[in-house]
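Each chain is listed here by its residues.
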There are 2 protein chains.
Amino acid sequence: MSKQVKYLLEESEMPTAWYNVQADFATPLPPVIHPGTGKPIGPDDMASLFPMDIIMQEAAVGPYAGRFIDIPEEVYDIYRLWRPTPLIRARRLEKALDTPAHIYFKHEGASPVGSHKPNTAVPQAYYNKRAGTKRLATETGAGQWGSSVAFAAGYFGLEAKVYMVNISYQQKPYRRMMMEAYGANIVASPSQDTAAGRRFLAEDPNHTGSLGIAISEAIEDTVTTPHTKYAIGSVFNHVLLHQTIIGEEALRQMEKAGEYPDVVIGCVGGGSNFGGVALPFVRDKLKEGKTTRIIAVEPTAAPSLTKGIYTYDFGDTAQTTPLVKMYTLGSAFIPAPIHAGGLRYHAMAPILCKLYDEGVIEAVAVQQNPVFAAAVQFARTEAIIPAPESAHAIHIAIDEALKAKASGEKKVILFNLSGHGHFDMTGYQMYFAGQLEDYEYPVEEVHKAIAGLPKVMA
Amino acid sequence: MSKQVKYLLEESEMPTAWYNVQADFATPLPPVIHPGTGKPIGPDDMASLFPMDIIMQEAAVGPYAGRFIDIPEEVYDIYRLWRPTPLIRARRLEKALDTPAHIYFKHEGASPVGSHKPNTAVPQAYYNKRAGTKRLATETGAGQWGSSVAFAAGYFGLEAKVYMVNISYQQKPYRRMMMEAYGANIVASPSQDTAAGRRFLAEDPNHTGSLGIAISEAIEDTVTTPHTKYAIGSVFNHVLLHQTIIGEEALRQMEKAGEYPDVVIGCVGGGSNFGGVALPFVRDKLKEGKTTRIIAVEPTAAPSLTKGIYTYDFGDTAQTTPLVKMYTLGSAFIPAPIHAGGLRYHAMAPILCKLYDEGVIEAVAVQQNPVFAAAVQFARTEAIIPAPESAHAIHIAIDEALKAKASGEKKVILFNLSGHGHFDMTGYQMYFAGQLEDYEYPVEEVHKAIAGLPKVMA
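Predicted, not measured: the structure shown is a model, and the values here were computed from it. (Residues numbered from 1 in each chain as written. Chains lettered and ligands numbered in written order. Predicted model: local features only at pLDDT ≥ 70, side-chain atom pairs only at ≥ 80, totals over all residues. Heavy atoms only, no water.)

### Digging into the overall build of chain A
In plain terms, the rule: Counting from the N terminus, the helices are the DSSP runs of H or I reaching at least four residues and the strands are the DSSP runs of E reaching at least two. Atoms counted for the radius of gyration: C-alpha only. Globule rule: 2.2 Å times residue count to the power 0.38. Each residue is assigned to one of three classes by its accessible area relative to the maximum for its type, calculated with a 1.4 Å probe on protein chains only: buried under 20%, partly exposed between the two thresholds, exposed over 50%. In this analysis, two residues are considered to be in contact whenever any of their non-hydrogen atoms come within 4.5 Å of each other. Where accessible areas are quoted, they stem from the Shrake-Rupley method and a 1.4 Å probe; at the residue level, only the protein chains shown are allowed to cover.
Helices and strands together make up the secondary structure of chain A, namely 19 helices and 15 strands. Relative to a compact globule of 458 residues, whose C-alpha radius of gyration would be 23 Å, chain A shows 20 Å and is just as compact. Across its three principal axes, chain A shows a C-alpha extent of roughly 60 × 50 × 45 Å. Expressed as a percentage of the 458 residues in chain A, the buried residues total 66%. Of the contacts made within chain A by residues no fewer than 6 positions apart, 76% connect residues no fewer than 24 positions apart. When the accessible surface of chain A is split by element, carbon and sulfur atoms take 52% of a total near 14,800 Å².

In structure tokens:
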């Protein structure tokens, strides 16, 4: 009847390998530094947190040094419960914008927890199970990551403990209940269950929490509880590796659509969904001479790429992790309570920081009201109510489509719809009620925070 | 790698027609009776509620008398934003049950509002738009129908007013916000906005509401507001017609899987998702001599098929509608507050009542605790958290698979997963907390209620 909108892959066409971008880097990632010794850390320094397969994937060494890493059959077997996810051409949005651009999106909201996060939760649970881990500890902000760990841990018979940022714990009870339905144990962070949590609660018994604090608690839990390892939802190299299934599928689906994107867009908090969709296109850019623009979209309330400094910083607020070279707002960063959505981390995935530093990818920061305006326009044309995080990508996809309209160019735009918004309706309600204020994190705060960090010679 | 679990259809394979089961009935449906005259109603009696296309579809007359009704291109164009939905083989559930049965489910939770309801909301909005309607009024229980009307009305530029059963309005704020995101106007029912609502509020200012009351309000709103028509989410013939897209797709997908179901299962409240999946298989049973068992699953708290009487009753609690021959608990029925899920209507779709009366379909009633137990087993094997309504079907699918195990038969089971449970997490929480009581609606109440109804000679 009408022109095609969905580009599906059969299970038999699903990629069977993740893409390891580190194999294509001309120079290696800056080393991760032990804050005590000032020296690069080795595998043993991470062994209390992760199983050895994850540690080797993180460093891209041993069996994980190649460009393509086979997806284990046990992981594939769970992936295919919802993967391959559809690639959808947003023809109704194109029409509403009256643009010559073709807008495609990858629908990661089609997963059982409603976001891209299980793509890495499942392999993390798998490698832990294989290594004899009995229990996973993790943190969660909006709850998408915690749900994914709850789901994946359950599938491999592991216990799960989730430290959920207090403000989300209060505002998103359904996410909490979902984690409980999958069998996990949830607590609001800061919590009484760790020394770090008790310290922040002593400062403020009604502390709204932050992702950095929740990370500190999950790590403390991990290193103080037997048979427990840590699961992380973003930032780390192995997380981005697992997420490349998104972009690998998208490459094949764009081929089915007979087009190649001029622009690839994703939202960034820690960088996992963006890395997932973008890295296979980065490969084409590095290796095949493609000129694709690859754009990371972040909130002005947590603008680590556009306003952060590329320097060594801790991964958590309590400053207990090794030092990592990242674009950072300073590890003491706590997002203004005014900021409704996720994308709240103080820094960014080291792989993306390197690519940004080298000019391979771009970044842009956007305000929350136009983000929700884009979300509503998308919902009212393409039917899916997007997660506020994903709507950052939609906002820039629309901007690019309008630029194409102004210039008369037939641009091909691809963005990642990292999740649906069914658990984030309070953000929409605040938007409609005019209660969301636009806000830019002040750059002076960044310089102040960075000045206080330990100096690293690397 | 592994054996296939998903059976997809390309857009080009999507059915282009709905199935009108009335064309295959040996005898017509019992007439709908005007309560004042005692005579069958005609098209004019319904013209204040529905546009003429819907009225003709209801009666299966004029251009809508044939077996197959072409889906209008404008409707198809919105359907394909999420349709065809996947047919999934529940291999992990099969394995957990250690059954030789093959269990397939149709995943209607893949729609943008998370259920099958937009399948009829979209054509209803379309036919209304074409007829010059400016505004739709409707009721909603759990909120799935209201979200669908909000979504569909918005797509055709119609206003929407939704009367939401008060207890759901209180317990499901996210559904309410979702309707608002799509641009609809929502009010708790009983409300101050209608005479019927004010009457029930006068009796009890904290009235928890019922679907029957909300229907009364929506109908009153429709007939007293200019350019307004009524949209209904279940029970009516035209609703079941539109929902047959589910079963038509499932037929083609089962063919791709190389199997034909021995058992087809759906949950029933008013009967729309069950009718949708079942009627195309009813056709094969009536016309091709298939011996498929077709099972409607209802809650023991609202057991209209298994405990109701097949007689003439009103469609709403305020007894303002025409009289329809249905299996009914009596139109004064209000579900016990103890009943957590949807599936709360006092009667059943006339098409299904006729098929049940004639022995073409079966029915079974189930308690809510085993329903949630089935839901959790499904979530922990197949990843999707089902709507509590859909879990009624899962419960019986599991029972049938266990019977197949006991008898050693390789049964092929198909059930409809009518929606996901992301908006219904409070039910899960109550289940885990042991707060859900099993409950059977007392049959004496049915006889008492039926005795008070007007007698119809038809």
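Let us keep going from here.
### Side note on the interface of chain B and chain A
The test is simple: Note on terms: buried area is the combined drop in 1.4 Å-probe accessible area of two parts once they are placed together, counting the loss on both. Any carboxyl oxygen of Asp or Glu that lies within 4 Å of a side-chain nitrogen of Lys or Arg is treated as forming a salt bridge with it. Each polar contact in these results corresponds to two N or O atoms within 3.5 Å; when the atoms are within protein, one needs to be able to donate a hydrogen and the other to accept it, and residues that are neighboring in sequence are counted only if both atoms are side-chain atoms.
Residue-level contacts link 57 residues of chain B with 57 residues of chain A. When the two sides are added together, the surface that chain B and chain A hide from each other amounts to roughly 4,800 Å², 56% of it contributed by carbon and sulfur. At the boundary of chain B and chain A, one finds 2 salt bridges. A salt bridge links Asp77(B) to Arg92(A); its shortest N-O distance comes to 3.3 Å. Where chain B packs against chain A, one counts 30 residue pairs in polar contact (both at pLDDT 80 or more). Broken down by secondary-structure element, the contributors of at least two residues to the side of chain B that touches chain A are α3 (73–79), α4 (91–97), α6 (144–155), α8 (173–181), α16 (368–382) and α18 (425–432) of chain B. Element by element, the count of residues in the side of chain B that touches chain A is highest for α8(B), at 7 residues.

### Section: the sheet that holds strand β9 (residues 228–230) of chain B
Residues and elements named next belong to chain B. Quick note on the threshold: Strands qualify as paired when DSSP identifies two bridges or more between them. Lines are fitted to the C-alpha atoms to define the axes, a helix being fitted only along its stretch in contact, and any angle between axes, read from their N-to-C directions, falls within 0 to 180 degrees.
A sheet is described by the order of its strands in space; here 4 strands give the open sequence β8-β7-β6-β9, paired in parallel fashion. Either end of the sheet is taken by a strand with one partner, and the two such strands are β8 (185–189) and β9. The average angle at which neighbouring strand axes cross in this sheet is 25°, direction not considered. Note that strand β6 (residues 135–140) and β9 share 3 bridges and pair parallel. Paired with Arg135 across the strands is Thr228, a residue of β9. Across the sheet, α6 is in contact with β6 and β7 (159–165); its angle to β6 comes to roughly 165°.

### Things to note about helix α10 (residues 211–224) of chain B
Residue and element names in this part refer to chain B. We count it as follows: By this rule the span expected of a helix is its residue count minus one, scaled by 1.5 Å.
Taking 1.5 Å per residue, 14 residues should reach 20 Å; α10 reaches 20 Å between its end C-alpha atoms and fits that length. In terms of residue burial, α10 counts as a mostly covered element, since 10 of its 14 residues are buried. Along α10, the positions that sit buried rather than exposed are Gly212, Ile213, Ala214, Ile215, Ser216, Glu217, Ala218, Ile219, Asp221 and Thr222.

### What about helix α8 (residues 173–181) of chain A?
Residues and elements named next belong to chain A. The element α8 is extensively covered by neighbouring structure, given that 8 of its 9 residues are classed as buried. All of the buried residues along α8 are Pro173, Tyr174, Arg175, Arg176, Met177, Met178, Met179 and Ala181. Within two residues after α8, Gly183 carries a phi angle of roughly 100°, on the positive side.

### Topic: the relation of the copies chain B and chain A
Relating one copy of the chain to the other requires a rotation about an axis plus a shift along that axis. Cut-off, in case you're wondering: Copies overlap after least-squares fitting; the atoms used are the C-alpha atoms of residues with pLDDT of at least 70 in both.
The two copies are related by a screw operation: chain B maps onto chain A through 180° of rotation and 0.0 Å of translation along the axis, at an RMSD of 0.0 Å. Here the two chains are linked by the operation of a two-fold rotation axis. Of all interface residues in chain B, 100% are interface residues in chain A too; the two copies therefore contact each other through one and the same surface.

### Observations regarding the pattern of salt bridges
A full pass over the atoms with the stated rule returns 48 salt bridges over all chains. We note a salt bridge from Glu259(B) to Lys410(B), for which the minimum N-O separation is 2.9 Å. Separated by 151 residues along the polypeptide, Glu259(B) in the loop between α12 (245–257) and β10 (263–267) and Lys410(B) in the loop between α17 (388–407) and β15 (412–417) bring together distant segments of the chain. Within this structure, Glu11(A), Asp77(A), Arg80(A) and Arg92(B) form a network of salt bridges that share partners.

### As for the domain arrangement of chain A
Residues and elements named next belong to chain A. Cut-off, in case you're wondering: Delimitation of the domains relies on an automatic or database domain assignment. When residues are grouped by polarity, Ala, Val, Leu, Ile, Met, Phe, Trp, Tyr, Cys and Pro land in nonpolar, Asp, Glu, Lys and Arg in charged, and all others, Gly among them, in polar.
Looking at chain A, the domain boundaries give domain 1 (45–63 + 116–237) and domain 2 (87–114 + 243–450). With centres defined by C-alpha atoms, the gap from domain 1 to domain 2 works out at 23 Å. At the boundary of domain 1 with domain 2, total buried surface from both sides reaches about 2,600 Å², with 61% on carbon and sulfur atoms. When the area that domain 1 buries against domain 2 is broken down by residue, the three leading residues are His116, Asn119 and Val235, summing to 25%. At the boundary of domain 1 and domain 2, one finds 13 residue pairs in polar contact (both at pLDDT 80 or more). Of all the elements in the fold, those that place two or more residues in the side of domain 1 that touches domain 2 are α5 (118–130), α6 (144–155), α7 (166–171), α8, α9 (195–203) and α10 (211–224). The leading source of residues in the side of domain 1 that touches domain 2 is α10, at 6 residues. The residue makeup of the side of domain 1 that touches domain 2, split by class, is 13 nonpolar, 15 polar and 4 charged.

### What to know about the pairing of strand β10 (residues 263–267) of chain A
Residue and element names in this part refer to chain A. Counted only if it meets this: Here a crossover is taken to be right-handed if, once the strands point away from the viewer, the path from the first strand over the helix to the second is traced clockwise.
Taking burial as the measure, the 5 residues of β10 include 5 buried ones, the bulk of the element. When β10 meets strand β11 (residues 293–299), the two strands line up parallel, connected through 5 bridges. When the bridges of β11 are listed, Val264 appears paired with Ile294. Since β10 and β11 lie parallel, the crossover through helix α13 (residues 272–288) that links them has a hand, and here it is right-handed.

### Considering the sheet that holds strand β14 (residues 362–366) of chain A
All names here are of chain A. Spatially, β1-β4-β5-β15-β10-β11-β14 is the arrangement adopted by the 7 strands of the open sheet, whose pairing is mixed. One side of each edge strand has no neighbouring strand; the edge strands of this open sheet are β1 (6–7) and β14. Bridging between strand β5 (residues 102–107) and strand β15 (residues 412–417) involves 6 bridges; their strand directions are parallel. Paired with Lys106 across the strands is Asn416, a residue of β15.

### Focus: the confidence of the model for chain A
Keep this limit in mind: What pLDDT reports is the predictor's confidence in each residue, on a scale of 0 through 100.
Of the residues in chain A, 99% reach a pLDDT of 70 or more, and the chain-wide mean stands at 94. Here the complex is predicted with pTM 0.95, and the ipTM for its interfaces comes to 0.93.

### Comments concerning the side chain of Asp24(B)
Residue and element names in this part refer to chain B. Looking at the element boundaries, Asp24 is found in the loop between β2 (17–19) and α1 (43–46). Within the local environment of Asp24, its side chain forms a polar contact with the side chain of Arg67, the two groups lying 3.0 Å apart. The contact partners of Asp24, leaving out residues within four places of it in the chain, are Tyr19, Arg67, Arg283, Leu286 and Lys287.

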